[in-house]
Amino acid sequence: MTFEPEQLGQSRTDLAQTLRELRKRAGLTGDRLARRCNMSQSQISKFETGKKTPKLVDVERILRALDAPAGIVEEVTALARIANTEWQDKRSSWRRGMEKRQTELASLERETVELRYFLPAMITGLLATSEYARASLAHTPGDSSKTVARKLERQAVLYDTSKIFTFILTEQAARWALVPAPAMAVQIDRLVSLSHLPNLRIGVIPIGTVMARGPMNTFTVYDNRLATVENFTGRMVLRDSRDISEYLAVFSSFEQHAHFGDEARALLQQWADACR
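The numbering scheme is per chain: residues are counted from 1 as the chain's sequence reads. The model is predicted, so local features are restricted to residues of pLDDT at least 70 and side-chain atom pairs to those at 80 or more, both for listing and for counting; the totals for chains, interfaces and linings are taken over all residues. Remark: hydrogens and water are excluded; side-chain values derive from all non-hydrogen atoms of the structure.

What to know about the side chain of Thr 129
- Helix numbers and strand numbers start at the N terminus; a helix is a DSSP run of H or I with at least 4 residues, a strand a run of E with at least 2. Mapped onto the secondary structure, Thr 129 falls in the loop between strand S2 (114–119) and helix H8 (130–136).
- Buried residues are those whose accessible area, probed at 1.4 Å on protein chains only, stays under 20% of the maximum for their type, while exposed residues exceed 50% and partly exposed ones sit between those limits. Its relative accessible area of 15% is what places Thr 129 among the buried residues.
- Thr 129 has contacts with Leu 152, Val 186, Gln 187 and Arg 190, leaving out every residue within four places of it along the chain. The contact criterion used is simple: two residues touch if any of their non-hydrogen atoms lie within 4.5 Å.

Quick word on empty space enclosed by the protein
- Using a grid of 1 Å spacing that covers the protein atoms alone, one calls a set of points a cavity when a 1.4 Å probe fits there but cannot get out, and a pocket when the set is open and has protein on both sides within 12 Å along at least five of seven lines; lining residues are those with an atom within 4 Å of a point. Grid points are joined across faces, edges and corners, and a volume is the space filled by probe spheres set on the points. Applying the stated criterion across every chain yields a total of one cavity of 30 Å³ or more.
- By volume, the largest cavity amounts to about 40 Å³.
- If you go around the largest cavity, the residues you meet are Arg 12, Leu 15, Ala 16, Phe 47, Gly 50, Lys 52, Thr 53 and Pro 54.
- The element best represented in the lining of the largest cavity is helix H1 (residues 7–25), accounting for three residues.

Thoughts on the side chain of Arg 265
- Mapping Arg 265 onto the fold places it in helix H13 (residues 261–274).
- Ignoring anything within four residues of it in the chain, the contact list for Arg 265 reads Val 192, Ser 195 and His 196.

Points about the nonpolar core
- We call a set of buried Ala, Val, Leu, Ile, Met, Phe, Trp, Tyr and Cys residues a nonpolar core when their side-chain atoms join them within 4.5 Å. Counting residues in each nonpolar core, the largest one holds 42 residues, and the members touching the most others are Leu 127, Leu 158, Phe 165, Phe 167, Ile 202 and Leu 268.
- Those elements that provide at least two residues to this core are helix H7 (98–110), S2, H8, strand S3 (164–170), helix H10 (171–175), helix H11 (181–194), strand S4 (200–205) and H13.
- At seven residues, H11 tops the list of elements feeding residues into this core.
- In contact with Phe 165, not counting residues within four places along its chain, are Leu 115, Tyr 117, Leu 126, Val 157, Leu 158, Asn 199, Leu 200 and Arg 201.

Quick notes on the sheet that holds strand S6 (residues 226–231)
- The strand order across the open sheet built from seven strands is S1-S7-S6-S5-S2-S3-S4, with neighbouring strands paired in mixed fashion. The open sheet has two free edges, formed respectively by strand S1 (85–89) and S4, since each of these has just one partner strand. With direction set aside, neighbouring strand axes in the sheet form an average angle of 15°. At least two DSSP bridges between two strands are needed for those strands to be called paired. Helix axes use the C-alpha atoms of the stretch in contact, all axes being lines fitted to C-alpha atoms, and the angles between their N-to-C directions lie in the range 0 to 180 degrees.

Any functional reading would require information beyond the geometric quantities listed.
Okay, here's the thing in C-alpha coordinates:
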(Lines give C-alpha, C1' and ligand atoms only; values in the text may rest on other atoms or scores of the structure.)
Protein backbone atom coordinates (compact mmCIF):
# COMPACT_ATOMS: atom_id res chain seq x y z
CA MET A 1 0.00 0.00 0.00
CA THR A 2 1.43 3.38 -1.00
CA PHE A 3 0.02 6.80 -0.34
CA GLU A 4 0.90 10.47 -0.15
CA PRO A 5 0.55 12.26 3.22
CA GLU A 6 -2.19 14.52 1.87
CA GLN A 7 -4.30 11.43 1.14
CA LEU A 8 -4.69 10.60 4.81
CA GLY A 9 -7.32 13.21 5.70
CA GLN A 10 -9.25 12.69 2.46
CA SER A 11 -9.26 8.91 2.92
CA ARG A 12 -11.51 9.16 5.99
CA THR A 13 -14.10 11.09 3.99
CA ASP A 14 -13.79 8.66 1.08
CA LEU A 15 -14.20 5.66 3.37
CA ALA A 16 -17.33 7.09 4.98
CA GLN A 17 -18.87 7.85 1.60
CA THR A 18 -17.96 4.42 0.20
CA LEU A 19 -19.50 2.55 3.14
CA ARG A 20 -22.69 4.59 2.84
CA GLU A 21 -22.95 3.94 -0.91
CA LEU A 22 -22.30 0.21 -0.53
CA ARG A 23 -25.06 -0.07 2.10
CA LYS A 24 -27.57 1.78 -0.09
CA ARG A 25 -26.60 -0.30 -3.11
CA ALA A 26 -27.33 -3.43 -1.05
CA GLY A 27 -30.80 -2.07 -0.24
CA LEU A 28 -30.22 -2.03 3.52
CA THR A 29 -31.12 0.56 6.11
CA GLY A 30 -28.52 1.52 8.66
CA ASP A 31 -30.49 -0.33 11.33
CA ARG A 32 -30.63 -3.59 9.33
CA LEU A 33 -26.91 -3.43 8.56
CA ALA A 34 -26.16 -2.76 12.22
CA ARG A 35 -28.07 -5.90 13.26
CA ARG A 36 -26.20 -7.98 10.68
CA CYS A 37 -22.87 -6.68 12.00
CA ASN A 38 -23.85 -6.90 15.67
CA MET A 39 -23.23 -3.16 15.99
CA SER A 40 -25.42 -0.26 17.06
CA GLN A 41 -27.21 1.83 14.44
CA SER A 42 -25.53 4.96 15.84
CA GLN A 43 -22.12 3.37 15.30
CA ILE A 44 -22.94 2.66 11.64
CA SER A 45 -24.20 6.23 11.29
CA LYS A 46 -20.98 7.68 12.74
CA PHE A 47 -18.91 5.55 10.33
CA GLU A 48 -20.96 6.70 7.34
CA THR A 49 -20.91 10.39 8.26
CA GLY A 50 -17.18 10.41 9.05
CA LYS A 51 -17.72 11.34 12.70
CA LYS A 52 -15.84 8.19 13.68
CA THR A 53 -13.21 6.26 11.71
CA PRO A 54 -13.93 2.51 11.75
CA LYS A 55 -11.12 0.13 12.56
CA LEU A 56 -10.15 -2.38 9.91
CA VAL A 57 -11.95 -5.18 11.76
CA ASP A 58 -15.16 -3.07 11.73
CA VAL A 59 -14.87 -2.50 7.99
CA GLU A 60 -14.34 -6.21 7.38
CA ARG A 61 -17.48 -7.04 9.38
CA ILE A 62 -19.51 -4.51 7.36
CA LEU A 63 -18.19 -5.81 4.04
CA ARG A 64 -19.06 -9.41 5.02
CA ALA A 65 -22.55 -8.31 6.04
CA LEU A 66 -22.94 -6.61 2.66
CA ASP A 67 -21.60 -9.69 0.85
CA ALA A 68 -19.24 -7.40 -1.06
CA PRO A 69 -17.32 -8.95 -3.99
CA ALA A 70 -13.59 -9.64 -3.61
CA GLY A 71 -12.52 -6.63 -5.66
CA ILE A 72 -14.56 -4.23 -3.54
CA VAL A 73 -13.28 -5.86 -0.34
CA GLU A 74 -9.67 -5.33 -1.45
CA GLU A 75 -10.27 -1.72 -2.45
CA VAL A 76 -12.19 -0.70 0.66
CA THR A 77 -9.82 -2.56 3.01
CA ALA A 78 -6.88 -0.63 1.53
CA LEU A 79 -8.82 2.61 2.01
CA ALA A 80 -9.54 1.66 5.63
CA ARG A 81 -5.86 1.08 6.34
CA ILE A 82 -4.99 4.53 5.02
CA ALA A 83 -7.85 6.05 7.03
CA ASN A 84 -6.40 4.49 10.18
CA THR A 85 -3.04 6.17 9.52
CA GLU A 86 -2.30 9.74 10.54
CA TRP A 87 0.57 11.85 9.20
CA GLN A 88 2.05 14.48 11.52
CA ASP A 89 4.59 16.63 9.68
CA LYS A 90 7.29 18.48 11.59
CA ARG A 91 6.57 21.83 9.97
CA SER A 92 3.06 21.77 11.43
CA SER A 93 4.53 20.96 14.84
CA TRP A 94 6.90 23.91 14.50
CA ARG A 95 4.02 26.24 13.62
CA ARG A 96 1.91 25.06 16.56
CA GLY A 97 4.85 25.15 18.94
CA MET A 98 6.98 22.12 19.73
CA GLU A 99 6.07 22.27 23.41
CA LYS A 100 2.48 21.37 22.44
CA ARG A 101 3.81 18.18 20.87
CA GLN A 102 5.47 17.40 24.21
CA THR A 103 2.11 17.84 25.95
CA GLU A 104 0.52 15.41 23.48
CA LEU A 105 3.26 12.85 24.10
CA ALA A 106 2.89 13.22 27.87
CA SER A 107 -0.84 12.52 27.55
CA LEU A 108 -0.19 9.46 25.40
CA GLU A 109 2.36 8.15 27.91
CA ARG A 110 -0.08 8.65 30.80
CA GLU A 111 -2.73 6.59 28.99
CA THR A 112 -0.38 3.69 28.20
CA VAL A 113 0.69 0.82 30.46
CA GLU A 114 3.37 -0.85 28.32
CA LEU A 115 5.62 1.26 26.11
CA ARG A 116 8.18 -0.12 23.66
CA TYR A 117 10.79 2.05 21.94
CA PHE A 118 13.12 1.00 19.14
CA LEU A 119 15.92 3.55 18.74
CA PRO A 120 18.28 2.87 15.82
CA ALA A 121 19.73 6.37 15.42
CA MET A 122 19.75 8.43 18.63
CA ILE A 123 18.55 8.53 22.22
CA THR A 124 14.92 9.48 22.83
CA GLY A 125 13.78 12.40 24.98
CA LEU A 126 12.63 10.29 27.93
CA LEU A 127 16.21 9.08 28.43
CA ALA A 128 18.02 12.32 27.55
CA THR A 129 20.11 14.60 29.74
CA SER A 130 19.24 18.28 29.54
CA GLU A 131 22.29 18.99 27.35
CA TYR A 132 21.45 16.16 24.97
CA ALA A 133 17.79 17.27 24.83
CA ARG A 134 18.84 20.83 23.93
CA ALA A 135 21.19 19.57 21.23
CA SER A 136 18.47 17.36 19.74
CA LEU A 137 16.38 20.49 19.08
CA ALA A 138 19.17 22.62 17.63
CA HIS A 139 17.72 22.29 14.11
CA THR A 140 14.22 23.48 15.08
CA PRO A 141 13.32 27.15 14.51
CA GLY A 142 12.76 29.56 17.37
CA ASP A 143 13.41 29.31 21.09
CA SER A 144 13.41 25.68 22.20
CA SER A 145 13.75 26.31 25.95
CA LYS A 146 10.08 25.54 26.70
CA THR A 147 10.26 22.36 24.65
CA VAL A 148 13.38 21.21 26.51
CA ALA A 149 11.65 21.90 29.82
CA ARG A 150 8.61 19.85 28.77
CA LYS A 151 10.84 17.00 27.57
CA LEU A 152 12.52 16.85 30.97
CA GLU A 153 9.18 17.09 32.81
CA ARG A 154 7.91 14.08 30.84
CA GLN A 155 10.70 11.95 32.32
CA ALA A 156 8.79 11.73 35.62
CA VAL A 157 6.63 9.04 33.98
CA LEU A 158 9.62 6.66 34.06
CA TYR A 159 9.23 6.41 37.84
CA ASP A 160 5.58 5.34 37.62
CA THR A 161 5.88 1.67 38.58
CA SER A 162 2.42 0.88 37.18
CA LYS A 163 4.00 1.21 33.73
CA ILE A 164 6.47 -1.00 31.87
CA PHE A 165 9.12 0.51 29.59
CA THR A 166 11.38 -1.32 27.17
CA PHE A 167 13.96 0.67 25.22
CA ILE A 168 16.10 -1.03 22.57
CA LEU A 169 19.03 0.99 21.25
CA THR A 170 21.55 0.13 18.59
CA GLU A 171 25.18 0.92 19.42
CA GLN A 172 24.94 3.80 16.94
CA ALA A 173 22.01 5.32 18.84
CA ALA A 174 23.84 5.12 22.16
CA ARG A 175 27.12 6.52 20.79
CA TRP A 176 25.99 9.05 18.15
CA ALA A 177 27.87 12.20 19.19
CA LEU A 178 25.04 14.71 19.38
CA VAL A 179 27.03 16.54 22.06
CA PRO A 180 30.81 16.71 22.81
CA ALA A 181 32.49 13.61 24.21
CA PRO A 182 32.38 14.57 27.94
CA ALA A 183 28.64 15.25 27.67
CA MET A 184 28.12 11.98 25.79
CA ALA A 185 29.82 10.14 28.66
CA VAL A 186 27.31 11.72 31.07
CA GLN A 187 24.44 10.82 28.74
CA ILE A 188 25.49 7.18 28.49
CA ASP A 189 26.00 7.07 32.27
CA ARG A 190 22.38 8.17 32.58
CA LEU A 191 21.30 5.14 30.53
CA VAL A 192 23.20 2.90 32.93
CA SER A 193 21.53 4.57 35.92
CA LEU A 194 18.01 4.35 34.47
CA SER A 195 18.49 0.67 33.60
CA HIS A 196 18.32 -0.10 37.34
CA LEU A 197 14.69 1.08 37.60
CA PRO A 198 12.47 -1.96 38.30
CA ASN A 199 9.90 -1.14 35.60
CA LEU A 200 12.39 -0.15 32.89
CA ARG A 201 14.51 -2.32 30.61
CA ILE A 202 17.25 -0.93 28.39
CA GLY A 203 18.57 -3.27 25.73
CA VAL A 204 21.49 -2.57 23.41
CA ILE A 205 22.43 -4.16 20.10
CA PRO A 206 26.18 -3.83 19.41
CA ILE A 207 27.53 -3.21 15.92
CA GLY A 208 28.39 -6.57 14.38
CA THR A 209 25.32 -8.35 15.72
CA VAL A 210 24.10 -10.62 12.91
CA MET A 211 20.44 -9.94 12.18
CA ALA A 212 18.15 -10.62 9.25
CA ARG A 213 16.32 -7.28 9.52
CA GLY A 214 17.84 -3.83 9.21
CA PRO A 215 17.11 -1.02 11.71
CA MET A 216 15.05 1.03 9.28
CA ASN A 217 13.05 3.41 11.49
CA THR A 218 12.65 4.78 14.96
CA PHE A 219 9.30 3.51 16.24
CA THR A 220 7.27 3.34 19.43
CA VAL A 221 4.41 0.98 20.29
CA TYR A 222 1.87 2.06 22.94
CA ASP A 223 0.25 -1.05 24.45
CA ASN A 224 -1.33 -2.95 21.54
CA ARG A 225 -3.35 -0.01 20.25
CA LEU A 226 -1.08 2.50 18.54
CA ALA A 227 2.35 2.76 16.91
CA THR A 228 4.31 5.79 15.76
CA VAL A 229 7.02 5.66 13.10
CA GLU A 230 9.40 8.60 12.61
CA ASN A 231 11.47 9.95 9.75
CA PHE A 232 13.16 13.28 8.96
CA THR A 233 10.00 15.13 7.92
CA GLY A 234 7.46 13.81 10.44
CA ARG A 235 5.82 10.74 11.85
CA MET A 236 3.06 8.31 10.97
CA VAL A 237 0.55 7.27 13.63
CA LEU A 238 -0.76 3.77 12.95
CA ARG A 239 -3.94 2.45 14.55
CA ASP A 240 -4.66 -0.56 12.34
CA SER A 241 -4.23 -3.71 14.44
CA ARG A 242 -2.37 -5.45 11.62
CA ASP A 243 0.22 -2.69 11.40
CA ILE A 244 0.63 -2.71 15.17
CA SER A 245 1.04 -6.50 15.21
CA GLU A 246 3.77 -6.20 12.57
CA TYR A 247 5.66 -3.63 14.61
CA LEU A 248 5.32 -5.75 17.75
CA ALA A 249 6.79 -8.70 15.82
CA VAL A 250 9.69 -6.56 14.56
CA PHE A 251 10.29 -5.26 18.09
CA SER A 252 10.32 -8.81 19.43
CA SER A 253 12.93 -9.87 16.86
CA PHE A 254 15.20 -6.98 17.88
CA GLU A 255 14.56 -7.74 21.55
CA GLN A 256 15.82 -11.30 21.09
CA HIS A 257 19.16 -9.96 19.81
CA ALA A 258 19.60 -7.22 22.40
CA HIS A 259 21.69 -7.37 25.56
CA PHE A 260 19.89 -6.44 28.79
CA GLY A 261 20.77 -6.12 32.46
CA ASP A 262 24.42 -6.44 33.48
CA GLU A 263 25.50 -7.26 29.91
CA ALA A 264 23.92 -4.05 28.61
CA ARG A 265 25.38 -2.01 31.46
CA ALA A 266 28.87 -3.40 30.76
CA LEU A 267 28.61 -2.37 27.10
CA LEU A 268 27.23 1.06 27.96
CA GLN A 269 29.98 1.60 30.52
CA GLN A 270 32.58 0.69 27.92
CA TRP A 271 31.09 3.20 25.46
CA ALA A 272 30.93 5.91 28.13
CA ASP A 273 34.55 5.31 29.10
CA ALA A 274 35.57 5.71 25.44
CA CYS A 275 34.14 9.25 25.61
CA ARG A 276 36.12 10.30 28.69
